[in-house]
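Chain by chain, the residues:
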Amino acid sequence: MTDDAPELRASDADRERVAEVLRDALAEGRLDMEEFEERLDATYQARTYGELAPITRDLPVGAVAVPKVDMVKKAGGSQASWPDRIVGGEGSSTWGVAVMSAFQRKGRWTVPKRFNCFTFWGGGEIDLREANFADREIEINCVAIMGGVQVIVPPGVEVVVRGIGIMGGFDHREEGVPGDPGAPRVIVTGFAFWGGVGVERKLTRTQRQELREERRREKLERKAERRELRSSARDEEYEAHRAMLDEHREMFRHVHDERGNRWERSRDRDED
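The rules behind the values
- Residues numbered from 1 in each chain as written.
- Predicted model: local features only at pLDDT ≥ 70, side-chain atom pairs only at ≥ 80, totals over all residues.
- Heavy atoms only, no water.
- Pairing = 2+ DSSP bridges.
- Helix = DSSP H or I, 4+ residues; strand = E, 2+ residues; numbered from the N terminus.
- Buried < 20%, exposed > 50% of the residue type's maximum accessible area, 1.4 Å probe, protein only.
- Salt bridge = Lys/Arg side-chain N within 4 Å of Asp/Glu carboxyl O.

Trainee: Please give an account of the sheet that holds strand E2 (residues 102-105) that cites residues and values.
Mentor: Pairing in this open sheet of five strands is parallel, and the strands run E2-E5-E8-E13-E11 from one edge to the other. Each edge of the sheet is formed by a strand with only one pairing partner; in this case those strands are E2 and strand E11 (169-170). By the bridge criterion, six bridges tie strand E8 (residues 148-153) to strand E13 (residues 196-201) in an arrangement that is parallel. The residue bridging Val-149 from the neighbouring strand is Val-197, located in E13.

Trainee: Report on the pairing of strand E4 (residues 114-120), specifying residues and quantitative values.
Mentor: Each regular strand shows side chains that alternate between the opposite faces of the sheet. Side chains Phe-115, Cys-117 and Thr-119 project from E4 onto a buried face, and the interleaved Arg-114, Asn-116, Phe-118 and Phe-120 project onto a face without burial. Judged from the five bridges that link them, strand E1 (residues 95-99) and E4 form a sheet pairing that is parallel. When the bridges of E4 are listed, Ala-98 appears paired with Thr-119. Note: E4 against strand E7 (residues 137-145), seven bridges, orientation parallel. Residue Asn-116 lies in a different strand from E7, and its bridge partner there is Asn-141.

Trainee: Describe the pattern of salt bridges, with residues and values.
Mentor: Inspection of every chain in the model, using the stated rule, returns ten salt bridges. Of the charged contacts in the structure, one is a salt bridge between Arg-185 and Glu-137, with a shortest N-O distance of 2.8 Å. With Arg-185 in strand E12 (residues 185-193) and Glu-137 in strand E7, this pair connects stretches of sequence that are 48 residues apart. By relative accessible area, Glu-137 is classed as partly exposed at 35%. With its nearest N and O atoms 2.9 Å apart, the salt bridge here joins Arg-201 to Glu-174.

Listed below in structure tokens is the structure:
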């Protein structure tokens, strides 16, 4: 980090970068588990760059750089914001077919305004969690005959299901969930005969990791609060014990002085 801003407040992203350096150091054998846990605990309790910098100073890539301040919060954590993901165009793939086989669309791809798929004695997976979208509203048309299609959408996307099933069905569980402002709308249509079309809302691997790290941070914060409470209780107990000792010393001093006064009065009477 730069030495001219040690008191600048650190963000969660800054603490996460330090935690990543510590995890790499643990994997490479530069830190043992006890050192790793101590430094990770200190990382998530740090409030400023001045507190973060010493944690990785003796490790490779150990300097915590002061980041550029971004006044616009991106939606979805490390994911691009919804307006950035609606890119227009024709889409990178417009159809999928599985006849006694399977097809899959996932990762970084562009969903067209209308995607058609067909399965017969097979299955397909359409994963939209990391996808871009050609339009604000897209349609996924599924025909499943003695087969199935699984549509996976990210949190924040509105889902509408309009498919028809005969001895089969369409999953309506994700309907009715409001979408985020600016997020796309996914309409699932089609026909299922002795087959099914499922719709599932799932986090990406990165989002799951961020959620685990957030829970870990909360756990560490609760642990620090409990430790602070125990320390406060010990301080109060120590102060109470010290006050009791002071009181006993004062009583002893008073008794000692009283005995001395009685002895002096007795001596004065004897001299008289």
